[in-house]
Every structure is written in C-alpha cells, then in structure tokens.
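Fold and geometry: a report
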Amino acid sequence: MPARRPRTVRTRVPTRRLPRRPAPNAAIISALERIESAGGAAAVEAAPHKSIEVSHLDKVFFPDAGVTKGDVMRYYVRVAKYILPAIADRPLVLKRTPEGVNGELFFQQNAPDDVPDGVRVDNVAAQGEPQCRFVGGDLPTLLHLVQLGCISLDPWMSRIGSLDHPDYSIIDLDPGPGASFKLVARVALWVREALDELGLRAVPKTSGSRGIHIAIPLPRSTSYQDSIATAKAAAARVVDLHPRQATVERALENRPRGTVYVDCLQNSRGKSVAAAYAVRAKPDATVSAPLTWDEVVESLDPREFTVRTMPARVEQHGDLWREGLKHGNSASVIRAIATPGGKPRASAGKK
DNA sequence: GCTGATT
DNA sequence: AATCAGCAACGCGAC
DNA sequence: GTCGCG
C-alpha cells in the first residue's frame, strides 16, 4: 500500500528559535529560590498583587530526603495547576509539622481571626457556631499554609456552598504488616471489579506511603451517609470474596496478618483525606499520585512519586485526577446501594 | 509557626 | 523579655 | 458508657 507521500518541502517552523515559553510560575519559583538562599523572611508575589510573607525556607522538612520548606513550596507551585482545582472551595484540615516530619505534629481546623491579605478563609458551620476555616483553591493560601508548617493538604470531601454533600467517596487501602504494595494493588483491582458490578466508576491514587486511595465520584446532593454506604458495599463485597487478603476490621490486633485494611470510614463530614498531588508528612517526601488503572495493574512502587519527581510526571501525564472525577456516577445507582432493602449487604445492623 | 497568657 | 500551652474531631465496633 | 482506631 502506497504510503502517503510526505510533503517534500517541509516548512520548518522555527519553533525552536522562538523564545521558549517560560514555565508557568517560573518567576515565583525563582523568587522562592532567592529568598531561600538569602535566608530570613521576605514577601513573594504568589498571585498578581497578592504577596505572602514566607520565612525559614532553608529549614529541612525531610531530613532523610534532604527536602527543605522551600522545596515543598516550589513543588506546590510547580503542580499548582493540578492541585489547586483538587482543593478548590474545600475547607482544609491542617496537619502541621513546623519542625519538619520528625518534629511534633498537631492538627488545626480553625483559622485565626485574621489571616494575611490574600489568604482565603470562610465560615463553616461545624456543630453550633460557624467557625472560620482555611479554604483551598489559590496559590497565596497554599503557600501561606506551607509557611505555617503544613506539608500535606487535606481537604473535605464537600465544598463551600454544599458542605453536606460530598462529591466523592474514598476507599482507603491500607496494608497491614506483611502486606506488600503489590497486594494493595491486587485489592484495588478487586475493589474496581466490585464497583463495576455495582455500576460505579472510580479512580485510584497512591496514598503517598504504601497504600492506595480509590475515589468514587458522587452525583450532586449525595449525603455523607450514602457516601459511606456506597464505599461499604464495595468493601464488603471484596472482603467476602477475598477474606485472606482484605479486611474491614479496624482493630489492629483483629486484622489477619498480611491483609489489606479496606477503610471506608473516612467519609463523614469534617473528615479529610490527603488531596491528589499532596506531599505526605512521611520521611521520604512522597506524594499522593493519581494513577491510571493500567498502572495499578503494573503495581508501580509508590516511592517513585516524590516531591522531586512528581512535576515531570504530572507534566507528561496530564490532569489524571480531574479527568477521572469528571465521570458522574448515577444517582439512582447510589440510592439503590445506600437504601436498606435495595441492596442488602453492608449495614446489616442498625434496626 | 504563631498567638495569647503567665512568670 | 522569656517561657509555655494550645492548636480537631467523630463515627464506629469491641469491650 | 468507654476505649481504640483512623
């Protein structure tokens, strides 16, 4: 078969001679580098006309990996295009380690009465009085949080304006002692099969250490209760079929050795799971990395995804997370799963 | 990392 | 002027 | 009810 004749005269468009388009946010990254070298404190223009005060950027946050506070900030600037949509409009639970990952850890939900200009907070009705909370979605806020010692970014499953309606449900696969990442990947694939049987789609990401998170996109106006019920239905099915590999038993001592804990109980109001693309406060500066299901089949090593390597991956791999969550699952399917009698299985107790 | 209270 | 404590939260199942 | 768990 005659190959299509290539154009004989290939007009060479001088793309290579055009000034290379600067990487997005290159100015912010170099500003952070300068501030780190100079030491001390300085303001960085994290968005047009939005300057954020940062300091001690040379403080080592990850002694093993040799990653500084400045490195963490620059990582987030590099992946901003991807992580900001993942936390946009979501209240954030702060997990703070101002002295680095080996230092003391504390949690914080409430934001102080006044925060620097450009940092987003909003009122969130917890129980009783509304509380002021940090809300994700913009770079100035994100850099301020790292400045405060937040390494991970942990958003609610629901957003400002619909705080009672999560838009995804998380199944957290957590390998117990003696369980390999490969086994986690196998369990993840079983969860996918169980969800498929139920008529649901989901997307995986590494948890940032040895686990996998599976996010099930939820239709509008799903309640937290139904979110939990949905995750439980899939988990129960997997444990039913593979009791030697998977368990829903929370008590550590009751878990068979070498099993993967299938945790569905993160899906309630006010709880949070590390965002896709977030750095985790573990010694090796790993990152919660969105995966394709094909990659789960390949059982990649999660340690491949670190503060240093993620930006390149993200650049090639595109916005896996946003794409994956686009597919809305059916409201009637969720309702059927969550309604007692509709699909008996998970919550046999309760009345 | 920072605030507000205590010495 | 230095020191120091606080900085979240909730459902679940086993006892 | 309280405890341990995440």
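Residues numbered from 1 in each chain as written. Chains lettered and ligands numbered in written order. Predicted model: local features only at pLDDT ≥ 70, side-chain atom pairs only at ≥ 80, totals over all residues. Heavy atoms only, no water.

Some remarks on the domain arrangement of chain A
On domain assignment, one finds that chain A holds domain 1 (26-155) and domain 2 (168-338). Domain 1 and domain 2 are separated by 25 Å when their C-alpha centres are compared. Taken together, the contacts link 27 residues of domain 1 with 28 residues of domain 2. Both faces considered, domain 1 and domain 2 share a buried interface measuring about 2,200 Å² in area, 62% of it formed by carbon and sulfur atoms. Applying the counting criterion to the domain 1 and domain 2 interface returns 1 salt bridge. Salt-bridge contacts for arginine 308 lead to aspartate 71; the nearest nitrogen and oxygen are separated by 3.6 Å. At the boundary of domain 1 with domain 2, the tally comes to 6 residue pairs in polar contact (both at pLDDT 80 or more). Looking at the side of domain 1 that touches domain 2, the elements that each hand over two or more residues are helix H2 (69-78), helix H3 (80-87), strand E5 (92-96) and strand E9 (154-155). Of all the elements, H3 adds the most residues to the side of domain 1 that touches domain 2, at 5 residues. (Domains from an automatic or database assignment. Contact = heavy atoms within 4.5 Å. Buried area = accessible area lost by both parts, 1.4 Å probe. Salt bridge = Lys/Arg side-chain N within 4 Å of Asp/Glu carboxyl O. Polar contact = N/O pair within 3.5 Å; in protein donor to acceptor, adjacent residues only side chain to side chain. Helix = DSSP H or I, 4+ residues; strand = E, 2+ residues; numbered from the N terminus.)

Observations concerning the packing of helix H1 (residues 26-38) against H2
Relative to each other, H1 and H2 sit at 175°, their axes nearing to 10 Å. The orientation of H1 with respect to H2, classified from their angle, is roughly antiparallel. Facing H1, whose interface residues are Ile28, Ile29, Leu32, Glu33 and Glu36, H2 presents Gly70, Asp71, Met73, Arg74, Val77 and Arg78. A breakdown of the residues in the contact of H1 with H2 according to their chemical character gives 5 nonpolar, 1 polar and 5 charged. (Axes fitted to C-alpha atoms, helices over the stretch in contact; angles between N-to-C directions. Parallel < 35°, antiparallel > 145°, perpendicular 65-115°, else oblique. Nonpolar A, V, L, I, M, F, W, Y, C, P; charged D, E, K, R; others polar.)

Describing the pairing of strand E11 (residues 203-206)
Burial of the side chains of E11 extends over both faces: Val203 and Lys205 are buried on one face and Pro204 and Thr206 on the other. Examined bridge by bridge, E11 and strand E12 (residues 212-217) share 4 bridges and lie antiparallel to one another. Opposite lysine 205, over in E12, you have histidine 213 as the bridge partner. The antiparallel pairing of E11 with E12 creates a hairpin that spans 5 residues between the two strands, and glycine 208 there sits at a positive phi of about 110°. (Buried < 20%, exposed > 50% of the residue type's maximum accessible area, 1.4 Å probe, protein only. Pairing = 2+ DSSP bridges.)

Concerning the sheet that holds E9
On the basis of which strands lie adjacent, the open sheet formed by 3 strands has the order E6-E5-E9 and antiparallel pairing. In the strand order of this sheet, the two ends are held by strand E6 (106-108) and E9, each with one partner. Sheet analysis places E5 next to E6, joined by 3 bridges and oriented antiparallel. Within E6, the position partnered with arginine 96 by the bridge is phenylalanine 106.

Examining the protein's contact with DNA strand B
Close to DNA strand B lie His56, Lys59, Lys69, Arg96, Pro98, Glu99, Phe106, Gln147 and Leu148. Put simply, 50% of the atoms of DNA strand B that lie within 4 Å of the protein are in sugar or phosphate. Arginine 96 has a polar side-chain atom sitting 3.1 Å from a base nitrogen of DNA strand B. Here a sugar or linking oxygen of DNA strand B and a backbone polar atom of leucine 148 are 3.5 Å apart. Across the surface near DNA strand B, the residue classes tally to 3 nonpolar, 2 polar and 4 charged. (Near = heavy atom within 4 Å.)

Considering the protein's contact with DNA strand D
In the vicinity of DNA strand D, the contacting residues are Arg250, Arg255, Asp263, Gln266 and Lys271. Counting only the atoms of DNA strand D within 4 Å of the protein, the fraction contributed by sugar and phosphate is 55%. Take aspartate 263: an N or O atom from its side chain is 3.0 Å from a sugar or linking oxygen of DNA strand D. Here the residues of the surface near DNA strand D are counted per class, giving no nonpolar, 1 polar and 4 charged.

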